[in-house]
Every structure is written in structure tokens, then in C-alpha cells.
Amino acid sequence: MARSVEVRVDGRGRVRAEFSGFPEGECGEEAESLERALGALGVRVRVRARRLKPPGVIRAELGLDSEAPARPEPAALRRPGGGRG
Amino acid sequence: MSQITSYSAEIVLEHVAEGRPLEDDPGWRLLREAVEATAQEYRGRVGATIVDYFGRVRPCDISLITAAFPRGLGVVVDRATGRVAFLYDDYGGYGDVVRRQINRVTQNFLSLAVAHALRAMNYQVDVEEKAAEVGDEKTVVVRGVL
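Keep in mind the model is a prediction, meaning the values are calculated, not measured. (Residues numbered from 1 in each chain as written. Chains lettered and ligands numbered in written order. Predicted model: local features only at pLDDT ≥ 70, side-chain atom pairs only at ≥ 80, totals over all residues. Heavy atoms only, no water.)

K.L.:
Explanation requested: unusual backbone geometry in the structure shown.
P.N.:
Negative phi is the rule for most residues except glycine; trans is the rule for most peptide bonds. Residue and element names in this part refer to chain B. The backbone of R43 sits at a positive phi, close to 55 degrees, despite the residue not being glycine. Overall, the relative accessible area of 78% leaves R43 in the exposed class. At N122, a residue that is not glycine, the phi angle is positive and equals roughly 70 degrees. For N122, the location among the structural elements is in the loop between helix 3 (95-120) and strand 6 (124-131). (Buried < 20%, exposed > 50% of the residue type's maximum accessible area, 1.4 Å probe, protein only. Helix = DSSP H or I, 4+ residues; strand = E, 2+ residues; numbered from the N terminus.)

Set out below in C-alpha cells:
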């Protein structure tokens, strides 16, 4: 999964940023970079809440979820002999 | 790790607080853009003054004049602190209109700032506006992909 951030700004000036696809440690740095970049543009932010996503979600985002079932091959490719039709 | 952070925000133009001219502040340019976008949305115009209930003219750094609030909503930047304040006289039942306009200017400004900040961090940015499920408030969603 690509590294991404989705920021929602509601009608009351509340901002919620969701970071996805970042490995351990890098996500907090990215959030701080965003806060600094916003500060340079005149937005002084105060963190109201910060929470990590559940481990299963993070593993899935990073493509580390080994428990996920492998995608089966299409039937045509599994046919014995490799012949068509 | 991936995380979700919630912020409250206030507008403080740091360059102005350091003594630089208002026009040189990148935040001011975004703020101006936000007021102009709001004026377009309300089919209003941008000015540099407001009037109070008694018709007295008050100067401000930028103002939003609309049919819904013809006295005008002013934006004033404190040159000593960089803090941004809204200047208006809502006497006579204009409270709700003014509150909605202030919220919209603030939301437009924050959305523009987030999009700018993410572009500066090399994200590919996409902005979408979503109508609220309840009420007339909108949510602006800024997505960035590295």
C-alpha cells in the first residue's frame, strides 16, 4: 500500500489526519513534518488526540499480513495438462 | 506506525509576528484566497472595510461583503502577534449568518493550507468537498499520496 495521508477539515475548523502505510516510527515523524509545514503557513495546531491504528490494520497496510488467504489461481490456469477448452 | 491525529487549529501568521510585511506572509496569501473563495461561494465580493450598525466604516485587512450580511465580515491581522481575528457587528439577528461565514472562511483557509503543506512534502494532492449528512456544514477531504 502506498504511503498516504487523508486530512478532514470540518465546518468548525477541526482537523483530523489519518496516516496510512507508514512503518513504525516514521508515521510520527511525518505527522510532525505536517504540523511544521502548517505552522509555516499560519496554522498553529494543537493535538487533541493521537492514536495508533490497531496492529492488524497496520500489518494489512504494510502488506505484512501472512494470515490472509492466498488468491487462488484462475481455473483455466490450474487445468491439468495446460490445454485449452 | 500508522496513526490518526485530531487537531484544533488557530490562525497565527508567524512571518507578520516577526515584523515582515503582511503581503510577504505565505499564510496571508492563503487567507486572502480563502476569503475570495468564500465570496465566490456566497456570490459576494471582497473589500477592505466593514460598516457597523450605525453605518460607521471600519477598516480591516480584508472583508467579505455578501447579500446575507451586507455590513461585511472583516479579517484583521494583529501586526504584533500575527493573530487573525474577525471584525463584525452582528447586532440585529445576524449572528448565525456571521458564524457560518467565519466557519467557512476558516475551513477554506485550513483546507488550502493542508493542501499546500502536503504538496511541499512531495505528496500528490487531491481535494474533495463532501456535504454533511446532517445540517449544512461541509467537510473538506484533502488526500495526499507519496
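K.L.:
Mind showing me how you'd approach the pairing of strand 4 (residues 73-77) of chain B here?
P.N.:
Each regular strand carries side chains that alternate between the two faces of the sheet. All names here are of chain B. With 4 of its 5 residues buried, strand 4 lies for the most part within the structure. Where strand 3 (residues 57-65) lies against strand 4, 3 bridges are found, and the strand directions are antiparallel. Bridge pairing links I62 to V75 in strand 4. Here strand 4 runs beside strand 5 (residues 84-87); their pairing, made up of 4 bridges, is antiparallel. The residue bridging V75 from the neighbouring strand is F86, located in strand 5. (Pairing = 2+ DSSP bridges.)

K.L.:
What should I look at first to understand the environment of A60 of chain A in this one?
P.N.:
On the secondary structure map, A60 of chain A appears in helix 2 (residues 55-61). Between the alpha carbons of A60 of chain A and L34 of chain A there is a distance of 24 Å; along the sequence they are 26 residues apart.

K.L.:
What am I meant to see in the sheet that holds strand 5 of chain B here?
P.N.:
Backbone hydrogen bonds are what pair the strands of a sheet, in a parallel or an antiparallel way. Residues and elements named next belong to chain B. Ordered by their spatial adjacency, 4 strands build an open sheet running 2-3-4-5, and the pairing between neighbours is antiparallel. Two strands close off the open sheet at either side, each with one partner strand: strand 2 (45-51) and strand 5. Averaged over all pairs of adjacent strands, the angle between strand axes in this sheet comes to 45 degrees, irrespective of strand direction. Contacting strand 2, strand 3, strand 4 and strand 5, helix 2 (residues 26-41) crosses the sheet at an angle of about 70 degrees to strand 3. (Axes fitted to C-alpha atoms, helices over the stretch in contact; angles between N-to-C directions. Contact = heavy atoms within 4.5 Å.)

K.L.:
Explain the packing of helix 2 of chain B against helix 3 of chain B here, please?
P.N.:
Residue and element names in this part refer to chain B. Helix 3 packs onto helix 2 with a crossing angle of 130 degrees between their chain directions and a minimal axis gap of 8 Å. Of the possible angle classes, the one that applies to helix 2 and helix 3 is oblique. Helix-helix and strand crossings are classified by hand; for helix 2 and helix 3 the assignment is right-handed. Along the contact surface, helix 2 presents G27, L30, L31, E33, A34, V35, A37, T38 and E41, while helix 3 presents R104, V105, N108, F109, L112, A113 and H116. For the contact of helix 2 with helix 3, the per-class residue count stands at 9 nonpolar, 4 polar and 3 charged. (Parallel < 35°, antiparallel > 145°, perpendicular 65-115°, else oblique. Left-handed = near helix turned anticlockwise from the far one by under 90°. Nonpolar A, V, L, I, M, F, W, Y, C, P; charged D, E, K, R; others polar.)

K.L.:
Help me out: how do you make sense of the interface of chain A and chain B in this one?
P.N.:
One frequently used descriptor of interface size is the decrease in accessible area upon assembly of the parts. Listed as interface residues are 51 residues of chain A and, on the opposing side, 42 residues of chain B. Of the roughly 4200 Å² buried where chain A meets chain B, counting both sides, 57% is carbon and sulfur surface. Per-residue buried area on chain A facing chain B is highest for V9, L41 and R44 of chain A; these three make up 18% of the total on that side. For the pair chain A and chain B, the number of links is 3 salt bridges. On inspection of chain A and its partner chain B, the count reaches 22 residue pairs in polar contact (both at pLDDT 80 or more). (Buried area = accessible area lost by both parts, 1.4 Å probe. Salt bridge = Lys/Arg side-chain N within 4 Å of Asp/Glu carboxyl O. Polar contact = N/O pair within 3.5 Å; in protein donor to acceptor, adjacent residues only side chain to side chain.)

K.L.:
Can you walk me through the nonpolar core in this structure?
P.N.:
The nonpolar side chains of soluble globular proteins are, as a tendency, buried together. V7, F19 and L34 of chain A together with L13, L31, F109 and L118 of chain B are the most contacted members of the largest nonpolar core, which totals 47 residues. A per-element tally of this core places helix 3 of chain B first, with 11 residues. Setting aside anything within four residues of it in sequence, one finds L118 of chain B in contact with V5, V7 and L34 of chain A together with Y123, V125, V142 and G144 of chain B. (Core = buried A, V, L, I, M, F, W, Y, C linked by side-chain atoms within 4.5 Å.)

K.L.:
It is not clear to me how the pattern of salt bridges should be interpreted in this structure. Could you clarify?
P.N.:
Side chains that differ in charge, positive against negative, can pair when their charged atoms come close. Counted under the stated rule, the structure contains 21 salt bridges over all chains. Ionic pairing is found between D10 of chain A and R14 of chain A, a salt bridge with its closest N-O pair at 2.6 Å. What makes D10 of chain A buried here is its relative accessible area of 17%. For the salt bridge of E18 of chain B with R20 of chain B, the shortest nitrogen-to-oxygen distance reads 2.8 Å. Here E18 of chain B falls in the exposed class, since its relative accessible area comes to 55%. The exposure class of R20 of chain B is partly exposed, given its relative accessible area of 42%. Here the salt bridges do not stand alone but share partners, grouping E6 and R8 of chain A together with D126, E128 and R143 of chain B into one network.

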